[in-house]
Amino acid sequence: MSKVLVSDPIDQAGIDILSQVATVDVKTNLKPEELISIIGEYDALMIRSGTRVTQEIIEAGTNLKIIGRAGVGVDNVHVPTATRHGIVVVNSPEGNTIAAAEHAIAMMLALSRHIPDANASVKRGEWDRKTFVGTEVYKKTLGIVGLGKIGSHVAAVAKAMGMKLLAFDPFISTERAEQIGCQLVDMDLLAQQADYITLHIPKTPETTHLINAELLAKMKPNARIINCARGGIIDEDALANALKSGQIIGAAIDVFESEPLGESKLRDIGKEIILTPHLGASTAEAQVNVAIDVAEQIRDVLLGLPARSAVNIPGLGPDVLEELKPYMQLAETLGKLVGQLAGGRVELLNIRLQGELATNTSQPLVIASLKGLLHQALRERVNYVNASIEAKERGIRVIETRDASIRDYSGSLHLEATGNLGTHAVTGVLLGDSEIHLTNIDGFPINVPPSQHMLFTLHRDMPGIIGKLGSLLGSFNVNIASMQVGRKIVRGDAVMTLSLDDPLPDGILAEIIKVPGIRDAYTVTL
Ligand SMILES: NC(=O)C1=CN([C@@H]2O[C@H](COP(=O)(O)OP(=O)(O)OC[C@H]3O[C@@H](n4cnc5c(N)ncnc54)[C@H](O)[C@@H]3O)[C@@H](O)[C@H]2O)C=CC1
Ligand SMILES: O=C(O)CCC(=O)C(=O)O
C-alpha cells in the first residue's frame, strides 16, 4: 500500500479520501531535518502553507510521486526540483477563492471602521466613540491588483457595496475587466487614484516589492492597502515607514515576508494596521474544499491516473482532462509502440491530430506521446511531469500538426518517429469512449486492439507465409491470440500484426526474419 505524509493540519475529509488508497501519517510541525529524514518512506506529501518543501526535501523523497498543496499558492514548494524528479505538484486553485476574497473585504471594512481597536477598547472597559469614527467604502475607489479568481470575487462584492473599481493586471483583457465592472489602468494610476488597494497576485520576481517606497509615495494620503495574497509583494520596511510618517493611513496584512511573523516593525504600529496570521483560507468551508480537492488528486495519481490541477503539467484543466483522458491513453500507447518500432535513438517525433481531434488542445497528447515514447528507455522514471524535459534533454524534436480533413474515424492520432534506425509510423483511434484500436502501421491499414505482447512483420503478401510463421512460433511454444494482415495491394508488401499470449523468447526474431518473404520483424511490449 502507498504511504502519504500529511505535514500540515488538513481537514479530516481529505484524510478519509487518502485512506482509501494509502496509509496516512499526519505529522505536523516537523523541522526540515526531521522531514528530510522520513520523507524517503512516502509516496505522497500533502501540505498547506506551513511546510516549506525545499530542494533538499524533494531530493530526499526518493519515492515521492506527488506533492499536494491544499490551497492555491505553491511558492512554498520548489516546483522546478519536483518537475526535474518527475514529481507531480498539485494545488486547489478554487477551493479557497471565496474565503480569501471575503477576508480581504473583511480587512477593508475592519480598517475603515477600526473594528479591532474599538473591540479591544470596549473589552478594556472603555467607551470611546470619538477615536473610532470611520469612513465609508461606498463611492470610494478600490484598486484591485490581480484580477484573477480572488480579485474578481472581491470586485463583485465591492461593486455591490457601491465602490468604483480600478484594476491592474497586465494579463487580462480590457473586455474581461469591463465584464467584471473594472477599469483597467496601470499601476501608477491605480496607486494615485485608489482609496483602497487590495492585492491578489502571486509572488513572482516581477511582483516582489511591487509595493515599495516609491509606489507608496504615489498613493493618496488617506489611502489604505490590504494584502491577503503573499508576503513580500509589499516591502514591509517601506510600509512601516509610510504608516508611521502618515504617508498613507492604513494597512491590513494577512501574509508576511517571513512566516510566522517574527520581530517586525509592523507590530509597533498602532490602529493604522491590522495584522492576521495568514487566515485568508481559514474558513471551515475552504478547508473542506481544499482538503477534498487535493486528496482526490493524490488518490488519483497514486492509482496511476492524471491529476486535474497539476501546476507542473501544463494545460490540464479538469474539463479538458476529463475529455482527453482516453486520448492521452491512446497517445501513450502509440508512443510506446512507435518508440519500440523505431528502436535506437529517436530524434524526431511527428504528432498529427486528425479529424475531430484536430480541434482539441494538443499539449496533453504531446506529453502523453512522449511519455510512451520514452518508456522503453526510462520505464517508471518518465511520467506526465518530466516527459517533455526528458525528451528535450535527449534532443528529441517534436512537431505537432493537425488535419481536420481526415475523416475515416471521428478522431485519430498519428505518430511518426524518426531515429538513427529509420522512420516508423502508427495511427490509432478510440472506438466508443475508450477502446483503443490501431488503424495503421507504417502506411498499412489494419484494425486491431493493442495487446501486451505484439509482433509485427513486414513481408511479401504470398501464399503460405502465415502458416510458416505460425508453425515457427508454435515451435517456440508461443501462442497466437489474434492475427491480422494489412496490405495496400494484393501480393505486394504487407504488414502482419500478431497479438501473443506470451512474450517472444530471445533469439526468435532472427529466426522469423529467415522465413522466406519476411523482410523485417518487430516485437513490442505495451
Ligand atoms: N491569504 C491566503 O490565505 C490566501 C492567499 N492566496 C493568494 O492569493 C493570490 C491570488 O490567488 P488567485 O486569485 O486564486 O490567483 P489567480 O491566478 O486566479 O489570479 C492571479 C492574477 O494575478 C495576475 N498577475 C500575475 N502577475 C501579475 C503582475 N505582475 N501584475 C499584476 N497582476 C498579475 C494574473 O494575471 C491573475 O489574473 C495568490 O498569491 C494566492 O497564493 C490564495 C488563497 C488564500
Ligand atoms: O493553507 C492556508 O491556510 C493558506 C492558503 C494560501 O495561502 C493559498 O491557498 O495560497
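Labelled according to an unreviewed UniProt entry, the chain appears under the name D-3-phosphoglycerate dehydrogenase, originating from Brunnivagina elsteri CCALA 953. The UniProt entry for the chain carries the following comment under Function (unreviewed entry): "Catalyzes the reversible oxidation of 3-phospho-D-glycerate to 3-phosphonooxypyruvate, the first step of the phosphorylated L-serine biosynthesis pathway. Also catalyzes the reversible oxidation of 2-hydroxyglutarate to 2-oxoglutarate." Annotation of the chain in UniProt includes, under Pathway (unreviewed entry), the sentence "Amino-acid biosynthesis; L-serine biosynthesis; L-serine from 3-phospho-D-glycerate: step 1/3."

Chemist: Help me understand the site of ligand 2 in this model?
Modeler: The full set of residues close to ligand 2 is R48, S49, R69, A70, G71, V72, G73, N96, R230, H278 and A281. At 2.7 Å from an oxygen atom of ligand 2 is found a side-chain nitrogen or oxygen belonging to R48. Within the backbone of V72, one N or O atom sits 2.5 Å away from an oxygen atom of ligand 2. For ligand 2, the accessible surface in isolation is 290 Å², of which the surrounding protein chains cover 93%. Here the residues of the shell around ligand 2 are counted per class, giving 3 nonpolar, 5 polar and 3 charged.

Chemist: Help me understand empty space enclosed by the protein in this model?
Modeler: If a probe the size of a water molecule is rolled over the atoms, the empty space left behind becomes visible. According to the stated counting rule, one finds 1 cavity of 30 Å³ or more in the structure shown. As a volume, the largest cavity reaches approximately 40 Å³. What lines the largest cavity is simply N227, G231, G232, I233, I234, E236, L239, I253, V255 and L266.

Chemist: Teacher, can you tell me more about unusual backbone geometry here?
Modeler: What is expected of a backbone is that most residues other than glycine have negative phi and most peptide bonds are trans. Each neighbour pair has its own omega, and for E259 with P260 the value is -5°, a cis peptide bond. In this fold, P260 is placed in the loop between β11 (250-253) and β12 (273-275). Of note, the phi angle at H209 is positive, near 55°, even though the residue is not glycine. Within the element layout of this structure, H209 appears in the loop between β9 (196-199) and α10 (213-218). The phi angle at R491 is positive, at roughly 65°, despite the residue not being glycine.

Chemist: How should I be thinking about the site of ligand 1 in this particular structure?
Modeler: Taken together, 25 residues are adjacent to ligand 1, and K149, I150, D169, I201 and C228 come closest. Residue G148 places a main-chain N or O atom 3.3 Å away from an oxygen atom belonging to ligand 1. Within the backbone of I150, one N or O atom sits 2.9 Å away from an oxygen atom of ligand 1. Notes on ligand 1: free accessible area 860 Å², of which the protein chains cover 86%.

Chemist: How do you make sense of the pattern of salt bridges when you look at a structure like this?
Modeler: What the rule picks out here adds up to 18 salt bridges. One salt bridge connects K3 with E41, and the closest N-O pair in it is separated by 2.8 Å. Here K3, found in strand β1 (residues 2-6), pairs with E41, found in the loop between α2 (32-38) and β3 (44-47); they are 38 residues apart in sequence, far enough to count as distant. On the basis of relative accessibility, which here comes to 24%, the residue K3 falls in the partly exposed class. Assessed through its relative accessible area of 40%, E41 is described here as partly exposed. Salt-bridge contacts for D300 lead to R299; the nearest nitrogen and oxygen are separated by 3.4 Å.

Chemist: Explain the domain arrangement of the chain to me, please; I cannot follow it from the model alone.
Modeler: In many reports, interface size means the accessible area that the parts give up when they come together. We note that the domain assignment places domain 1 (2-95 + 286-302), domain 2 (97-275), domain 3 (313-450) and domain 4 (452-526) within the chain. The C-alpha-based centres of domain 2 and domain 4 are spaced at 72 Å.

Chemist: Explanation requested: the sheet that holds strand β19 (residues 453-460) in the structure shown.
Modeler: To summarise the sheet geometry, strands pair through backbone hydrogen bonds and adopt either a parallel or an antiparallel arrangement. Taking strand neighbours across the sheet as the criterion, the 4 strands line up as β20-β21-β19-β22 in an open arrangement whose pairing is antiparallel. The sheet is open, and its two borders are formed by β20 (480-487) and β22 (518-525), each paired with just one other strand. Along the sheet, successive strands turn relative to each other by an average axial angle of 15°, direction set aside. Direction of pairing for β19 relative to strand β21 (residues 493-500): antiparallel, over a ladder of 8 bridges.

Chemist: Can you walk me through the packing of helix α1 (residues 12-19) against helix α12 (residues 284-302) in this structure?
Modeler: In a packed pair of helices, the relevant descriptors are the angle between the two axes and the axis-to-axis distance. Their axes nearest at 7 Å, the elements α1 and α12 cross at an angle of 15°. By the angle between their axes, α1 is roughly parallel relative to α12. Once α1 is placed against α12, the crossing between them reads as right-handed. In this structure, α1 uses A13, G14, I17 and L18 to contact α12, whose residues at the interface are V288, A291, I292, A295, E296, I298 and R299. Grouping the constituent residues of the contact of α1 with α12 by class yields 8 nonpolar, 1 polar and 2 charged.

Chemist: What's the story with the layout of surface pockets in this structure? I'm lost.
Modeler: Taken as a whole, the second largest pocket encloses approximately 750 Å³ of empty space. Around the second largest pocket sit 35 residues that line it, and K65, G86, E380, V382 and N383 are the ones nearest its centre. For the lining of the second largest pocket, the elements supplying multiple residues, two or more each, are α3 (55-60), α12, α13 (318-342) and α14 (363-378). The element that contributes the greatest number of residues to the lining of the second largest pocket is α13, accounting for 6 residues. Residues that form the lining of the second largest pocket fall into these classes: 14 nonpolar, 10 polar and 11 charged.

Chemist: Teacher, can you tell me more about the nonpolar core here?
Modeler: As a rule of thumb, nonpolar side chains are buried together in soluble globular proteins. Of all hydrophobic cores here, the largest spans 68 residues; its most connected members are M46, V88, I298, L349, L365, L413 and F456. Considering every element that reaches this core, the biggest residue donor is α13, with 10 residues. Those residues in contact with V88 that sit more than four places away from it in its chain are K65, I66, I67, V301, A307, A310, N312, I313 and V385. With 33 residues, the next largest nonpolar core counts A191, L239, A242 and I248 among its residues.

Chemist: Is there a simple way to explain α1 in this structure?
Modeler: Along an α-helix, a turn takes 3.6 residues, which lines up residues three or four apart on a common side. The set of residues buried in α1 consists of G14, I15, I17 and L18. The buried residues of α1 all sit within an arc of 160° when viewed along its axis, so they share a single face. The inward-facing, buried residues of α1 abut β1, β2 (22-26), β3 and α12. The distance from a side-chain oxygen at the start of α1 to the backbone nitrogen of A13 is 2.9 Å, and the residue carrying that oxygen is D11.

Chemist: What exactly am I supposed to notice about a nonpolar patch on the surface here?
Modeler: Side chains of I466, I480 and M483 sit close together on the surface and give an oily, nonpolar patch of about 210 Å² of accessible area. Note that I466 resides in helix α16 (residues 465-475).

Chemist: Help me understand the packing of helix α5 (residues 97-113) against helix α7 (residues 149-160), please; the structure alone is not making it clear to me.
Modeler: Packing of α5 against α7 brings their axes to within 9 Å, and their N-to-C directions diverge by 50°. Taken together, the axes of α5 and α7 are oblique relative to one another. Considering only the axes of α5 and α7, their crossing is right-handed. Taken together, the residues of α7 that come into contact with α5 (itself represented by T97, I98, A100, A101, A104 and I105) are K149, I150, H153, V154, V157 and A158. Residue composition of the contact of α5 with α7, grouped by class: 9 nonpolar, 2 polar and 1 charged.

Cut-off values and rules
Residues numbered from 1 in each chain as written. Chains lettered and ligands numbered in written order. Predicted model: local features only at pLDDT ≥ 70, side-chain atom pairs only at ≥ 80, totals over all residues. Heavy atoms only, no water. UniProt positions renumbered as here; feature names shortened; annotations may be inferred. Near = heavy atom within 4 Å. Polar contact = N/O pair within 3.5 Å; in protein donor to acceptor, adjacent residues only side chain to side chain. Areas by Shrake-Rupley, 256 points an atom, 1.4 Å probe, with all protein chains shown as cover. Nonpolar A, V, L, I, M, F, W, Y, C, P; charged D, E, K, R; others polar. 1 Å grid on protein atoms, 1.4 Å probe; cavity = no way out; pocket = protein on both sides within 12 Å on 5 of 7 lines; lining within 4 Å. Points joined across faces, edges and corners; volume = space filled by probe spheres on them. Helix = DSSP H or I, 4+ residues; strand = E, 2+ residues; numbered from the N terminus. Salt bridge = Lys/Arg side-chain N within 4 Å of Asp/Glu carboxyl O. Buried < 20%, exposed > 50% of the residue type's maximum accessible area, 1.4 Å probe, protein only. Domains from an automatic or database assignment. Pairing = 2+ DSSP bridges. Axes fitted to C-alpha atoms, helices over the stretch in contact; angles between N-to-C directions. Parallel < 35°, antiparallel > 145°, perpendicular 65-115°, else oblique. Left-handed = near helix turned anticlockwise from the far one by under 90°. Contact = heavy atoms within 4.5 Å. Core = buried A, V, L, I, M, F, W, Y, C linked by side-chain atoms within 4.5 Å. Arc of directions from axis to C-beta. Patch = residues over 30% accessible without salt bridge, like charges linked within 9 Å, V, L, I, M, F, W, Y side chains within 5 Å.

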